[in-house]
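One letter stands for each residue in the lines below.
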Amino acid sequence: MGNSKTRFKTFNKDEAIKLVEPFARVEGPILLALQKIQDEFGYVDRDAVEIIAQVCNVSIAEVHGVLTYYTDFRTTPSALIDVKVCVAEACQSLGSRKLVNDVSQALNTKMHSQSVDETVQLNQVFCLGNCALAPAVMVDHKLIGRATGEKVLKEVEKKKKEYL
């Protein structure tokens, strides 16, 4: 594992190569390779972009294009817990702006920032595909419908206990 504030492994070039090699013979390998790297290390290191390009026989520009197109990919190490609050129209109409304020105050952080204790990253997204149960929040990979500050904070605490 990496440091005590992450559940991911510390980036390692040799391990990254091993993770990417199975995708060398797959059609359209870039997205799959990026996902594998991020699943393992929590982000896509600059060196991983070069590794994917080399192993998959594509250009660095192609890998960078996919990396920057999808907002779920990150290029810096993530916090222990990732909280995504939907701020699209359906969620806004049902209170996501107030939810953002409540959650950011409770976590003592701002949007697109980590909490003071570096355990939680708060981000906005523009759809979680759960409009019928707006407002929607995702805590790591758990989707919360009809989200309230209380529900979100309860899930964050549950994840902290699981990871720490």
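Residues numbered from 1 in each chain as written. Predicted model: local features only at pLDDT ≥ 70, side-chain atom pairs only at ≥ 80, totals over all residues. Heavy atoms only, no water.

Undergrad: Give a description of the overall build of the chain that names residues and reports values.
TA: Within the chain, the regular secondary structure consists of seven helices and five strands. Considering only C-alpha atoms, the chain reaches an extent of 45 × 35 × 20 Å along its principal axes. Taking all 164 residues of the chain together, 44% fall into the buried category. By sequence separation, contacts in the chain at least 24 residues apart represent 59% of the contacts at least 6 residues apart. Accessible surface, the chain: about 9,500 Å² in total, of which carbon and sulfur atoms supply 50%. With 21 positive and 21 negative side-chain charges, the chain shows a spacing of 7 Å between the two charge centroids. (Helix = DSSP H or I, 4+ residues; strand = E, 2+ residues; numbered from the N terminus. Buried < 20%, exposed > 50% of the residue type's maximum accessible area, 1.4 Å probe, protein only. Contact = heavy atoms within 4.5 Å. Areas by Shrake-Rupley, 256 points an atom, 1.4 Å probe, with all protein chains shown as cover. Lys, Arg positive; Asp, Glu negative; His and termini not counted. Charge placed at Lys NZ, Arg CZ, Asp CG, Glu CD.)

Undergrad: Describe the pattern of salt bridges, naming the residues involved and giving the relevant values.
TA: Two side chains bearing opposite charge may form a pair once their charged atoms approach each other closely. This structure, assessed with the given rule, holds 11 salt bridges. In this structure, the salt-bridge partner of Glu 15 is Lys 9, at a minimum N-O distance of 3.1 Å. Lys 9 is the partner of Glu 40 in a salt bridge, and the nearest nitrogen-oxygen pair spans 2.8 Å. Taken together, the residues Glu 40 in helix 2 (residues 29-41) and Lys 9 in the segment before helix 1 (13-20) connect sequence positions 31 residues apart. Here the residues in one salt-bridge network are Asp 72, Arg 74, Asp 82 and Lys 84, joined through shared partners. (Salt bridge = Lys/Arg side-chain N within 4 Å of Asp/Glu carboxyl O.)

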